[in-house]
Amino acid sequence: MKQVLITGASSGIGEALVHQYLKQGWQVVACGRNDARLQQLSAVSPAVQPLRFDITDPAQIAAAALQVTQLDVLILNAGDCRYIDDVMQFDGELFASVIQTNLISAGYLLQHLLPKLKRGGQLVVVSSSATLLPFTRAQAYGASKAGLDYLAASLRLDLQQYDIGVTLVHPGFIKTPLTDKNDFAMPFLQSAEQAAQRIYRGVQQGRMYLHFPKRLTLLLKVLALLPDRVWYWLAGRMDQA
Ligand SMILES: NC(=O)c1ccc[n+]([C@@H]2O[C@H](COP(=O)([O-])OP(=O)(O)OC[C@H]3O[C@@H](n4cnc5c(N)ncnc54)[C@H](OP(=O)(O)O)[C@@H]3O)[C@@H](O)[C@H]2O)c1
């Protein structure tokens, strides 16, 4: 049986990924902090190994990794999204906390879990299409995800020699508890199940880069090619709307 480890498995995209991999007959190490939700997942199938730890605590990561055997796929999906509501009262604590959860944790997860990934395996990094352009109030989230983009790209170079592929994922808006908090329009919103299917299929194909829904991500990519002032003008208009 093939084995996948998924961080952020207790909710949203990660939880949908657990079900997707189970459906395909995989053994799943489901990680998160919420014990009740992890227990619910393990009740679904004996193929689920729940693993509770906080990714912001290196000691907890190290202890959890001792319970992990060989992996075919490692999915770094857990994340936090919070906004800087007042740029002139810049919240340094919030900034540090989001960077810690989304980016710094990846270093410790790689330290302890990469050695478990088999040759021929795949590392998956869930970033965000928010890195394609600057968005209002997204200084912390966007900076953390832009860091993940570089991390994934650079890892891909150095993991080639170990026959480990890297898939970078740029989801658009996906309906999960993370986006349920948003108070703005989310065009082309997709379900967590749709996102999980796209990710599963792309990872199986060994793709380097996944972005969806294309209606949104291709639009953002085109806008990113235009002179900077076009986006700043448009974003300013959207902010006032
Ligand atoms: N939803 C979207 O539209 C969207 C778009 C682009 C990118 N993404 C990215 O997709 C990933 C999953 O997001 P989602 O929308 O599925 O969010 P979600 O439903 O809020 O799930 C977040 C997951 O991350 C885990 N997590 C957060 N902080 C953690 C910590 N300190 N230690 C351990 N686990 C932690 C949570 O576990 P516990 O609750 O058990 O702590 C939860 O399972 C994130 O990286 C997010 O940035 C989402």
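Structure: see above.
So, how was this worked out
Residues numbered from 1 in each chain as written. Predicted model: local features only at pLDDT ≥ 70, side-chain atom pairs only at ≥ 80, totals over all residues. Heavy atoms only, no water. 1 Å grid on protein atoms, 1.4 Å probe; cavity = no way out; pocket = protein on both sides within 12 Å on 5 of 7 lines; lining within 4 Å. Points joined across faces, edges and corners; volume = space filled by probe spheres on them. Helix = DSSP H or I, 4+ residues; strand = E, 2+ residues; numbered from the N terminus. Nonpolar A, V, L, I, M, F, W, Y, C, P; charged D, E, K, R; others polar. Phe/Tyr/Trp six-rings, centres within 6.5 Å; stacked < 30°, edge-to-face > 60°. Buried < 20%, exposed > 50% of the residue type's maximum accessible area, 1.4 Å probe, protein only. Lys NZ or Arg CZ within 6 Å of the ring centre and 35° of its normal. Axes fitted to C-alpha atoms, helices over the stretch in contact; angles between N-to-C directions. Parallel < 35°, antiparallel > 145°, perpendicular 65-115°, else oblique. Left-handed = near helix turned anticlockwise from the far one by under 90°. Contact = heavy atoms within 4.5 Å.

## A look at empty space enclosed by the protein
- Per the stated rule, a full pass over the model turns up one cavity of 30 Å³ or more.
- In this structure, the largest cavity is lined by 14 residues; those nearest its centre are L76, A78, N102, S105 and L148.
- Among the elements of the structure, α4 (92-113), β5 (117-126) and α5 (139-159) are those that each provide at least two residues to the lining of the largest cavity.
- Counting residues per element, the lining of the largest cavity draws most heavily on α4, which supplies five residues.
- Residue classes in the lining of the largest cavity are distributed as eight nonpolar, five polar and one charged.

## Concerning the packing of aromatic side chains
- Counting across every chain of the model gives six aromatic pairs.
- Measuring from centroid to centroid gives 6.1 Å for Y83 and F184, while their planes differ by 75 degrees, and the two rings are edge-to-face. Within this pair, whereas Y83 is found in the loop between β4 (71-76) and α4, its partner F184 is found in the loop between α6 (177-180) and β8 (190-191), the two being separated by 101 residues in sequence.
- The partly exposed category is assigned to F184, whose relative accessible area is 32%.
- Look at F135 and W231: their rings are 5.4 Å apart centre to centre, the planes differ by 75 degrees, and that puts the pair in the edge-to-face class. Here F135, found in the loop between β5 and α5, pairs with W231, found in helix α9 (residues 228-240); they are 96 residues apart in sequence, far enough to count as distant.
- Overall, the relative accessible area of 33% leaves F135 in the partly exposed class.
- The class for W231 is buried, based on a relative accessible area of 6%.
- Ring pairs connect the aromatic residues Y21, W26 and Y200, which therefore count as one cluster.
- Above the face of the Y83 ring, R137 is positioned so that its terminal group lies 4.8 Å from the ring centre.

## Comments concerning the packing of helix α3 (residues 58-65) against α4
- Closest axis-to-axis distance for the α3/α4 pair is 9 Å, and the angle between their directions is 25 degrees. Relative to α4, the element α3 lies roughly parallel. Note that α3 runs across α4; the crossing there is right-handed. Together, P58, I61, A62 and A65 of α3 and S105, Y108, L109, H112 and L113 of α4 make up the contact between the two elements.
- By residue class, the composition of the contact of α3 with α4 is seven nonpolar, two polar and no charged.

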